[in-house]
Amino acid sequence: MSARLREGALGLLPILGLVGIWQAVVSLGLAPPALLPAPGTVLARCLAQFANPEFLGHAGATLSRLAVGFLAALVLGVGIGILAAASPGVLAVVRPLVRVLAPVPKVALYPAFILTLGFADASKIALVVADAVFPILLATLQGAAMVEPKLVWAARAAGTSPRAALLRVVLPATLPSILTGARIGLVVSCIVVFLAEMITSTDGLGYLLVRAARSFQTVDMFVPLIAISGLGLLLNGALGLARGRLLRGFPEEG
């Protein structure tokens, strides 16, 4: 068995253990079925919903908001981080702002986003950006700070312009840290977009959970949770594959 398959098999064990505990709780009657349905019932409902065009439309709405918000956060986080690494003046402005704003729960800003951007997708995307940009920005700053200055000096001595040295030396050397921050930002994006849809939305996976809860359809409450978890797992796996390809020449990937 290859190392990748072995790692995947080990990763399934906690999930299977959790499902086993869930089934045991239901079988022993420790929780009423109206509150905690059996795993088999939830699985059957998931399979039915995953083939339902209406459900897929809601999942697509969540995915589009997640993708736009995450990509915007990625561009902003990397761009500001690299620019701050190249300019002490920009770094002097960015560093205190990050220290002040990073710990703030961004969901507290959501009412302001709604007032300024409305109830449509823009406010939800803005919340995703506000939350996901900081782990990417911090990772970029940390990675850029660890770049060996001699590499930049050598590039400059060879006639490379400051801008070209930034793009050809600093950015590639910072890539491992950027991708680590991106994976954290992706997880944050999944959580935040789901939460935003639960608060104010007429579509999306978060909306489906709230709608099911209001009508006490507990089985249907589990389906959006499993869907967003699976969506995050797939996106994280895709980002992991991209990381492996992009960092193939780095020592840590060897």
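Cut-offs and rules
Residues numbered from 1 in each chain as written. Predicted model: local features only at pLDDT ≥ 70, side-chain atom pairs only at ≥ 80, totals over all residues. Heavy atoms only, no water. Helix = DSSP H or I, 4+ residues; strand = E, 2+ residues; numbered from the N terminus. Buried < 20%, exposed > 50% of the residue type's maximum accessible area, 1.4 Å probe, protein only. Axes fitted to C-alpha atoms, helices over the stretch in contact; angles between N-to-C directions. Left-handed = near helix turned anticlockwise from the far one by under 90°. Nonpolar A, V, L, I, M, F, W, Y, C, P; charged D, E, K, R; others polar. Phe/Tyr/Trp six-rings, centres within 6.5 Å; stacked < 30°, edge-to-face > 60°. Salt bridge = Lys/Arg side-chain N within 4 Å of Asp/Glu carboxyl O. Core = buried A, V, L, I, M, F, W, Y, C linked by side-chain atoms within 4.5 Å. Contact = heavy atoms within 4.5 Å. Parallel < 35°, antiparallel > 145°, perpendicular 65-115°, else oblique.

Q: Any chance you could explain the overall build of the protein chain here in plain terms?
A: Of the regular secondary structure elements, the protein chain holds 10 helices and zero strands. Mapped in sequence order, the helices and strands of the protein chain form the string α-α-α-α-α-α-α-α-α-α. Each of the three principal axes of the protein chain carries a C-alpha extent, and together these read 70 × 55 × 30 Å. Residues counted as buried form 37% of the 254 residues belonging to the protein chain.

Q: Could you clarify how one ought to interpret the packing of helix H3 (residues 53–86) against helix H6 (residues 121–145) in this entry?
A: For any two helices packed against each other, one specifies the crossing angle of their axes together with the interaxial distance. Two numbers describe how H3 lies on H6: the axes approach to 6 Å, and their chain directions differ by 35°. The interaxial crossing formed by H3 with H6 has right-handed handedness. Taken together, the residues that form the contact of H3 with H6 break down as 20 nonpolar, four polar and three charged.

Q: Would you mind going over the packing of aromatic side chains with me for this structure?
A: Note on aromatic pairs: each is described by the distance of the centres and the angle between the planes. Scanning all chains against the criterion turns up two aromatic pairs. Geometrically, the ring pair formed by Trp22 and Phe222 is stacked, given 5.2 Å between the ring centres and 20° between the ring planes. Pair noted here: Trp22 is in helix H1 (residues 3–27) and Phe222 is in helix H10 (residues 218–246), with a separation of 200 residues, a long-range link. Relative accessible area serves as the criterion here: at 18%, Trp22 is assigned to the buried category.

Q: What's the story with the pattern of salt bridges in this structure? I'm lost.
A: Pairs can form between side chains of opposite charge whenever their charged atoms are close. On inspection of all chains with the given rule, the structure shows five salt bridges. With a shortest N-O distance of 3.9 Å, Glu54 and Arg211 are connected by a salt bridge. Within this pair, whereas Glu54 is found in helix H3, its partner Arg211 is found in helix H9 (residues 205–214), the two being separated by 157 residues in sequence. On the accessibility criterion, Glu54 (47% relative accessible area) is partly exposed. Judged by its relative accessible area of 39%, Arg211 is partly exposed. In this structure, Asp203 engages Arg65 in a salt bridge whose closest nitrogen and oxygen atoms are separated by 2.4 Å. On the criterion of sequence distance, the pair formed by Asp203 in the loop between helix H8 (162–199) and H9 and Arg65 in helix H3 is long-range, its members being 138 residues apart. Assessed through its relative accessible area of 25%, Asp203 is described here as partly exposed. A relative accessible area of 4% means that Arg65 is categorised as buried. Here the salt bridges do not stand alone but share partners, grouping Arg65, Asp121, Glu197 and Asp203 into one network.

Q: Quick question: what am I supposed to make of the nonpolar core here?
A: A general trend in soluble globular proteins is that nonpolar side chains are found buried together. Phe55, Tyr110, Phe113, Leu127 and Leu205 are the most contacted members of the largest nonpolar core, which totals 28 residues. Counting residues per element, the ones that place at least two in this core are H1, helix H2 (39–50), H3, helix H5 (110–117), H6, H8, H9 and H10. Ranked by residues supplied to this core, first place goes to H8 with five residues. Those residues in contact with Leu205 that lie beyond four places of it in its chain are Phe55, His58, Ala59, Thr62, Phe194, Glu197, Pro224, Ala227 and Ile228. Within the second largest apolar cluster, 23 residues are counted, among which are Val78, Ala84, Leu166 and Val170.

Q: I'm lost on the packing of H3 against H10 in this one. Help?
A: It is the contact of H3 with H10, at a shortest axis distance of 11 Å, that shows an interaxial angle of 45°. Here H10 runs oblique to H3, going by the angle between their axes. Of the two elements, H3 crosses H10, and the hand of that crossing is right-handed. Together, Phe55, Thr62, Leu63 and Leu66 of H3 and Val223, Ala227, Ile228, Leu231 and Leu235 of H10 make up the contact between the two elements.

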